[in-house]
Amino acid sequence: MRIPLKEIAQLVEGRLIGDGDFEITGASTIWDAQPGDITLADNLRLAGKLEQSQASAALVPSGIETLANGSSKPAVAVKDVHASFARVVKLFRPPPAKRRVGVSPAARISTAARLAPDVEVHAGAVIDDGVSLGAGCVIYPGVHLMQGCRLAENVVIFSNAVLYENTRVGAGSIVHAGASIGAYGFGYQTIDGRHRLSAQLGYVEIGADVEIGANTTIDRGTYGPTVIGDGTKIDNMVQIAHNCRIGRHNLICSQVGIAGSCKTGDYVVLAGQVGVRDHVEIGDRVTVGAKAGIMNNLESNATYLGAPAIPERDEMLLIASFAKLPEMRKQVKLLARQVETLSALLPAAAKTA
Amino acid sequence: MRIPLKEIAQLVEGRLIGDGDFEITGASTIWDAQPGDITLADNLRLAGKLEQSQASAALVPSGIETLANGSSKPAVAVKDVHASFARVVKLFRPPPAKRRVGVSPAARISTAARLAPDVEVHAGAVIDDGVSLGAGCVIYPGVHLMQGCRLAENVVIFSNAVLYENTRVGAGSIVHAGASIGAYGFGYQTIDGRHRLSAQLGYVEIGADVEIGANTTIDRGTYGPTVIGDGTKIDNMVQIAHNCRIGRHNLICSQVGIAGSCKTGDYVVLAGQVGVRDHVEIGDRVTVGAKAGIMNNLESNATYLGAPAIPERDEMLLIASFAKLPEMRKQVKLLARQVETLSALLPAAAKTA
Amino acid sequence: MRIPLKEIAQLVEGRLIGDGDFEITGASTIWDAQPGDITLADNLRLAGKLEQSQASAALVPSGIETLANGSSKPAVAVKDVHASFARVVKLFRPPPAKRRVGVSPAARISTAARLAPDVEVHAGAVIDDGVSLGAGCVIYPGVHLMQGCRLAENVVIFSNAVLYENTRVGAGSIVHAGASIGAYGFGYQTIDGRHRLSAQLGYVEIGADVEIGANTTIDRGTYGPTVIGDGTKIDNMVQIAHNCRIGRHNLICSQVGIAGSCKTGDYVVLAGQVGVRDHVEIGDRVTVGAKAGIMNNLESNATYLGAPAIPERDEMLLIASFAKLPEMRKQVKLLARQVETLSALLPAAAKTA
């Protein structure tokens, strides 16, 4: 496929800079670009690599077309460089039409389940008694929806994810491959030297417009729900323990672990590998840096770092002091010697007084 | 369903406090409680929230009925508040009768496998040659039991868990969804610039009364078993590497990673996100705090914190000193100035001597 | 089975030390050895345990046969103790012949997929349109290969792993159970308070001779590939985010998390639970210690430790200073008192000058 750059400029409603007749043959990131490809440069760092790259043209953000200035290559300036580049990529690599599967005869569906007429259930999915699927749901192969699961409209459950009994999922939410939702909470009472599992009478309640990453685990509540609020996005391999109440529109990055009975507000951001101890409450619009360990409640509208996590400014001060520690140790040793010298001299001096 | 509080008090053999004729219509935690619901308050913090909650009554621990004092709501005092509340929850929300599945015709079972007569094997499970299942085993959909796996009585393997060749599981143990047991150990020898996988001749041996969390991974031994001792409970997404020997009645929390050839004693507790380097031995009744990094053997009967993990008291001292670091840095700077001033004065003073 | 030690010595081309007529009945590690077993002692620590162990004989490394000296037990000295022991283990416990499965009729394979004639596809695997499998591929039960996946020769995908659309896997690579390859990248733009998923037009490209551990997750690129270089070995539960470019022959240990758009050189080693922030570049032959947090680009040919990760020597100095912190705090307090005393004396002394 060969498309003149000026046609691409029209497609993305962008401003052409340079030779509009140049024929583009593909769309790739700067790392993969071959001659003939158009690429994108959304920041100065990438723009600096543009000239040496194999790409023949670039999409750049309008307003900062200077990005393209250092380059001899033609460009198209657009408002939203990522949305525009996505359109161009699809132009050259149109996603294959998905075949409608309908309800596969190779899926095992209980006669006591209720499926909206237009759902898709792939081969090898297993749907137990009392499950309900809203319109537009897509259930991939190997998924197991246990007894009583209730999915609203347009929910997508990717391959081999498992939803234990009575899991509820709100409209438009996505659960990725291998996620385990609703397994037993890790709560034990130790009696006569044996750990006895606590009650497992609860379930997991996932709101609308939620995304759950691959291989993530969310445990059921003890008596009631573990809750994931509307609009919250959870990355891969996140652990959310029993009875947690995650707020709305949170962003929870990969490998975060949240212990039992925690509560987060709205618009909370937890960076990668953060750990949260049990029964902690985190306020609205809190951001926590990677690898932090949250030991206590965190007040709203602030950024926290470190383990134990403290306000960003305090942690930055600690880190700065920490880096100077070996130097400070030398200084203290020097001071000790100086004071010793002074003390040795002073009795003599003092005596003359 | 409407049940007078006095009947609930009888059911849980508790002592009634207040209006026994009040009719209860449900049982929920304090966060979810609606008017008409009974809830539980197992500690003072929750008790403080009782009055403002929507709940109409509460279970409280006998002996500390003062919990109920601040509240105008009727209550029932019981010995074991959690066991009692579980009974009440089941009264209002009886778990649906599980249908007996038997051995599903949609499971793929080798003719060279030996199944006790009363096992349950769900649709989509795959059981290979030489596998044996003891009485009462339940194998959920999508589980793969590879060649030679041996499960004792009453083992439950949840959906999509995978047990590689020759895995052994003791009586009454539970493996949750998505767990991978017996994959290759991560051991390589680098020859001519290529990493060559070590021998993978071992297997995993799980004791009796063990629980393995969702999406947890336990690698096979190099030549013999990786061992999980009787009564040990392992949370979600825990990594246990090849040749480890985990003792009995351990509690290993989520996202812990234990490198190869480690050994733990009995009643060891590892909190969330702990890491253990290879070939470490941990004594009996050791507790290790969240996010700790264990670099050396740990002696029995003690608590360890930090990375590298050291005895709790030492780490607390370090943390306290660390928090004072910026202050100490200022103090050292001040001292340096003072000593300089003194030194400038002293030669003069000393000369007079 | 009973095999005289001298025959074992011949089998492994080793040098016999002691009674060659002793009949060996099994092969086990030192922890599991029963009387009659041969074991291996590959280092001094194990050699010290040899005498008290139940083992009747040992394989020891030639050149350091002194390992066997402290022991009264017969031994065989060999060049490569692990390769030799693997042969002996297989002698006593020959791995059962794997039955050829061919393409199971219980697998669901699109008519628009291309399979080389000698592949194995187990029951319950699902293979979508446009997938191609090279000669010798083995696809275990429950695996889902989505539309357009391309596997070269001799690729093994273990049970319940999921490869999203267009994943490419090079010759001889292995993906372990439960791995999720090609799920959506965790990239969002927040518009009017809602997080909107970025473009998901890319895929994952895994090189040749790569191993991917159980339950590991690798996300697809935004527009192009997330790349895993030839010969790289990835342990269990590793997270590799969208657009990463992992080099060749890396060793990435369990529970490492690498955020989006990172790049590693060749022969990089990341120890357990390391975290890498987004857009970081790591040079060739870099080694990073367990639990480190990598915040900035790392230069080649060096070892880094800590969070934030710094060169090993600097971190060792920091750790040493940190351990002395409580002591230093005492010393500073003492100095402050001494300086105060001196200052009180000195005006008097100075006045006499």
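About the cut-offs
- Residues numbered from 1 in each chain as written.
- Chains lettered and ligands numbered in written order.
- Predicted model: local features only at pLDDT ≥ 70, side-chain atom pairs only at ≥ 80, totals over all residues.
- Heavy atoms only, no water.
- Helix = DSSP H or I, 4+ residues; strand = E, 2+ residues; numbered from the N terminus.
- Rg over C-alpha atoms; globule rule 2.2 N^0.38 Å.
- Buried < 20%, exposed > 50% of the residue type's maximum accessible area, 1.4 Å probe, protein only.
- Contact = heavy atoms within 4.5 Å.
- Buried area = accessible area lost by both parts, 1.4 Å probe.
- Salt bridge = Lys/Arg side-chain N within 4 Å of Asp/Glu carboxyl O.
- Polar contact = N/O pair within 3.5 Å; in protein donor to acceptor, adjacent residues only side chain to side chain.
- Nonpolar A, V, L, I, M, F, W, Y, C, P; charged D, E, K, R; others polar.
- Least-squares fit on C-alpha atoms with pLDDT ≥ 70 in both.
- Phe/Tyr/Trp six-rings, centres within 6.5 Å; stacked < 30°, edge-to-face > 60°.
- Pairing = 2+ DSSP bridges.
- pLDDT = per-residue confidence, 0-100.
- Expected span 1.5 Å × (residues − 1).
- Arc of directions from axis to C-beta.

Moving on to the overall build of chain A. Looking only at helices and strands, chain A has six helices and 39 strands in total. Taking 2.2 N^0.38 as the reference for a compact globule, 353 residues should give roughly 20 Å; the C-alpha atoms of chain A span a radius of gyration of 29 Å, well beyond that estimate. When the 353 residues of chain A are sorted by exposure, 57% land in the buried category. Within chain A, contacts between residues separated by at least 24 positions form 17% of all contacts whose residues are at least 6 apart in sequence.

Before going further, it helps to examine the interface of chain C and chain B. Listed as interface residues are 66 residues of chain C and, on the opposing side, 69 residues of chain B. Considering only the side of chain C, the residues that lose the most area to chain B are K291(C), R329(C) and L346(C), jointly responsible for 10% of the buried surface there. The interface formed by chain C and chain B includes three salt bridges. Applying the counting criterion to the chain C and chain B interface returns 28 residue pairs in polar contact (both at pLDDT 80 or more). Where the side of chain C that touches chain B is concerned, the elements lending two or more residues are α2 (44–50), α4 (81–92), β27 (233–234), β30 (251–252), α5 (312–323) and α6 (325–352) of chain C. Among the elements that line the side of chain C that touches chain B, the one with the most residues is α6(C), at 14 residues. When grouped by side-chain class, the residues that make up the side of chain C that touches chain B number 35 nonpolar, 17 polar and 14 charged.

You can overlay chain A on chain B at an RMSD of 0.1 Å; the transform is a turn of 120 degrees with a shift of 0.1 Å along its axis. Considering both components of the superposition, the chain copies are consistent with a three-fold axis.

Moving on, we get to the packing of aromatic side chains. A complete count under the given rule lists 18 aromatic pairs over all chains for this structure. Aromatic side chains F322(A) and F322(C) sit 5.5 Å apart centroid to centroid with 85 degrees between the ring planes, which places their arrangement in the edge-to-face category. Of this pair, F322(A) sits in helix α5 (residues 312–323) while F322(C) sits in helix α5, placing the two residues on different chains. Measuring from centroid to centroid gives 5.1 Å for F186(B) and Y188(B), while their planes differ by 80 degrees, and the two rings are edge-to-face. Taking the relative accessible area as the measure of exposure, F186(B) reaches 16% and is therefore buried. Three or more aromatic residues link up through ring pairs in this structure, and these residues are Y140(A), F158(A), Y164(C) and Y184(C).

With that settled, consider the sheet that holds strand β16 (residues 156–157) of chain A. Backbone hydrogen bonds are what pair the strands of a sheet, in a parallel or an antiparallel way. Residue and element names in this part refer to chain A. Across the sheet, eleven strands lie side by side as β10-β13-β16-β19-β24-β27-β30-β33-β36-β38-β39; this open sheet has mixed pairing. Bordering the open sheet on either side are β10 (120–121) and β39 (310–311), each of which pairs with just one other strand. By the bridge criterion, two bridges tie strand β19 (residues 174–175) to strand β24 (residues 211–212) in an arrangement that is parallel. The residue bridging I174 from the neighbouring strand is E211, located in β24.

Attention now goes to the pattern of salt bridges. One pass over the full model with this rule turns up 33 salt bridges over all chains. Here R2(A) and E23(A) are joined by a salt bridge, their closest N and O atoms 3.1 Å apart. You can see R2(A) sitting in the segment before β1 (3–4) and its partner E23(A) sitting in strand β3 (residues 23–24), a full 21 residues away along the chain. Take R2(A): its relative accessible area is 58%, and that puts it in the exposed class. For E23(A), a relative accessible area of 37% puts it in the partly exposed group. Of the charged contacts in the structure, one is a salt bridge between E120(B) and R100(B), with a shortest N-O distance of 3.0 Å. Pair noted here: E120(B) is in strand β10 (residues 120–121) and R100(B) is in the loop between α4 (81–92) and β8 (108–109), with a separation of 20 residues, a long-range link. Taking the relative accessible area as the measure of exposure, E120(B) reaches 10% and is therefore buried. Put simply, R194(A), D209(B), E211(B) and K233(B) are held in one network by salt bridges that share partners.

What follows is about the pairing of strand β20 (residues 180–183) of chain A. Strand direction decides the pairing type here: strand β17 (residues 162–163) of chain A and β20(A), joined by two bridges, are parallel. When the sheet's bridge partners are listed, V162(A) is paired in β20(A) with S180(A).

Turning our attention to the confidence of the model for chain A. When pLDDT is averaged along chain A, the result is 93; 96% of the residues meet or exceed 70. Note on the complex model: pTM 0.95, ipTM 0.94.

Turning next to the sheet that holds strand β31 (residues 257–258) of chain C. Residue and element names in this part refer to chain C. Pairing within the open sheet is parallel, and its ten strands lie in the order β8-β11-β14-β17-β20-β25-β28-β31-β34-β37. The open sheet is flanked by β8 (108–109) and β37 (293–294), the only strands paired with a single partner. Relative to β31, strand β28 (residues 239–240) runs parallel, the two sharing two bridges. Paired with Q239 across the two strands is G257, which belongs to β31.

Let us look at the interface of chain A and chain B. Counting residues at the interface gives 68 residues for chain A, matched by 66 residues for chain B. When chain A packs against chain B, close to 5,200 Å² is buried across both sides, 64% of that on carbon and sulfur atoms. Among the residues chain A hides against chain B, the three largest losses belong to F186(A), H195(A) and Y223(A). Together they make up 15% of the total. Between the two partners, chain A and chain B, sit three salt bridges. For R245(A), the salt bridge goes to D32(B), with nearest N and O atoms at 2.6 Å.

This paragraph deals with unusual backbone geometry. Residue P308(A) follows A307(A) across a cis peptide bond; omega there is 0 degrees. Looking at where P308(A) falls in the secondary structure, it is placed in the loop between β38 (303–305) and β39. Despite not being glycine, E13(A) shows a phi value in the positive range, around 50 degrees. Structurally, E13(A) can be placed in the loop between α1 (5–11) and β2 (15–17). Exposure remark for E13(A): the relative accessible area of 71% places this residue in the exposed category. Phi is positive for K291(C), which is not a glycine, with a value near 65 degrees. For K291(C), the position within the fold is in the loop between β36 (287–288) and β37.

All names here are of chain B. For helix α5 (residues 312–323), built from twelve residues, the straight-helix expectation of 16 Å at 1.5 Å per residue is met to within 8% by its first-to-last C-alpha distance of 16 Å. Listed in full, the buried residues belonging to α5 are E315, L318 and S321. Each buried residue of α5 lies within a common arc of 125 degrees when the element is viewed along its axis, so the set occupies one face. Turned more than 90 degrees off the buried face of α5, the exposed positions are R313 and A323.

Across four bridges, strand β21 (residues 188–191) of chain B lies against strand β22 (residues 194–197) of chain B in antiparallel orientation. Its bridge partner lying in β22(B), T190(B) is registered against H195(B).

This next bit is on the side chain of N215(A). In this structure, N215(A) sits in the loop between β24 and β25 (217–219). If sequence neighbours within four positions are ignored, N215(A) has contacts with A177(A), G178(A), A179(A), M237(A), N215(B), M237(B), G178(C), S180(C), N215(C), T216(C) and T217(C).

Structurally, the position occupied by R313(C) is in helix α5. C-alpha of R313(C) to C-alpha of A58(C): the two residues are 255 residues apart in sequence and 40 Å apart in space.

Residues and elements named next belong to chain A. Position of G170 relative to the elements: it lies in the loop between β18 (168–169) and β19. Residue classification places G170 among the buried positions, given a relative accessible area of 14%. Separated by 61 residues in the primary sequence, G170 and G231 have C-alpha atoms spaced 9.9 Å apart. Beyond its immediate sequence surroundings of up to four residues, G170 is in contact with A152, V155, I206, G207 and A208.

What follows is about the environment of H122(A). Note on placement: H122(A) falls in the loop between β10 and β11 (126–127). Of the residues examined, H122(A) reaches a relative accessible area of 11% and is grouped as buried.

Now for the side chain of T39(C). Here T39(C) shows up in strand β5 (residues 37–40). If near-sequence neighbours (up to four positions away) are discounted, T39(C) is found in contact with S28(C), T29(C), I30(C), L50(C), A55(C), A57(C), A58(C), L59(C) and F85(C).

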